[in-house]
Amino acid sequence: ANSTKTLLIAHSTTAFKNLKGIEINDQIYYQGKTYQVTDLETKPKNDINMQEILSPTSQPTLILMTCAGTSLGNYDATHRLIVTAKTTEKDGIID
């Protein structure tokens, strides 16, 4: 069964300004659920594949994406930080 992926995108200078310090296994609380960070990836913005990011998953997943790398002005940058976190709600197991 496919589970839900939630994608949140925000500026690294505002809502996600503290993401640069996030680490694997950190917990994120969103809409009453607890998610645990399972992957951190910084990619050139031109290499971002939204179809891949939003592909089906076996467990409810939260994805946070924000600018990273060198500023290009106009609240844009050369790279994107992609944080993947999976819910801890399903049988208390993270796969």
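Heads up: these notes are all about the structure in this document. These numbers were taken from a predicted model, which means no experiment stands behind them.

Let's shift gears to the overall build of the chain. In terms of regular secondary structure, the chain is built from one helix and five strands. Mapped in sequence order, the helices and strands of the chain form the string β-β-β-α-β-β. Within the span of the chain, comprising 95 residues, buried residues form 32% of the whole. For the chain, long-range pairs separated by at least 24 residues make up 64% of all intrachain contacts whose partners lie at least 6 apart in sequence. Of the accessible surface of the chain, which amounts to about 6,000 Å², a share of 48% is contributed by carbon and sulfur atoms.

So, on to the sheet that holds strand β3 (residues 33–44). The strand order across the open sheet built from five strands is β1-β4-β5-β3-β2, with neighbouring strands paired in mixed fashion. A strand with exactly one partner marks an edge of an open sheet, and here the two such strands are β1 (5–9) and β2 (27–30). For this sheet, the mean angle separating the axes of adjacent strands, direction not counted, is 35°. As defined by bridge partners, β1 adjoins strand β4 (residues 61–73) across five bridges and the pair is classed as parallel. Counted as the bridge partner of L8 is L64 from β4.

This next bit is on the layout of surface pockets. Estimated volume of the largest pocket: approximately 200 Å³. Lining the largest pocket we find 15 residues, and of these E41, E52, I53, I82 and T84 sit closest to its centre. Listed by contribution, the elements that provide at least two residues to the lining of the largest pocket are β3, α1 (50–53), β4 and β5 (76–87). With four residues, the single largest contributor to the lining of the largest pocket is β3. In the lining of the largest pocket, the residues fall into four nonpolar, five polar and six charged.

Turning next to the side chain of Q36. Relative to the helices and strands, Q36 is located in strand β3. Residue classification places Q36 among the buried residues on the basis of a relative accessible area of 18%. Within the structure, the side chain of Q36 is placed 2.9 Å from the side chain of N25, a separation counted as a polar contact.

With that settled, the discussion passes to the pattern of salt bridges. In this structure the tally under the stated criterion is two salt bridges. Note that K45 and D76 form a salt bridge whose closest N and O atoms lie 2.5 Å from each other. Of the two residues, K45 is situated in the loop between β3 and α1 and D76 in strand β5; the sequence distance between them amounts to 31 residues. Accessibility expressed as a relative area gives 29% for K45, which makes it partly exposed.

What counts, and at which threshold
Residues numbered from 1 in each chain as written. Predicted model: local features only at pLDDT ≥ 70, side-chain atom pairs only at ≥ 80, totals over all residues. Heavy atoms only, no water. Helix = DSSP H or I, 4+ residues; strand = E, 2+ residues; numbered from the N terminus. Buried < 20%, exposed > 50% of the residue type's maximum accessible area, 1.4 Å probe, protein only. Contact = heavy atoms within 4.5 Å. Areas by Shrake-Rupley, 256 points an atom, 1.4 Å probe, with all protein chains shown as cover. Pairing = 2+ DSSP bridges. Axes fitted to C-alpha atoms, helices over the stretch in contact; angles between N-to-C directions. 1 Å grid on protein atoms, 1.4 Å probe; cavity = no way out; pocket = protein on both sides within 12 Å on 5 of 7 lines; lining within 4 Å. Points joined across faces, edges and corners; volume = space filled by probe spheres on them. Nonpolar A, V, L, I, M, F, W, Y, C, P; charged D, E, K, R; others polar. Polar contact = N/O pair within 3.5 Å; in protein donor to acceptor, adjacent residues only side chain to side chain. Salt bridge = Lys/Arg side-chain N within 4 Å of Asp/Glu carboxyl O.

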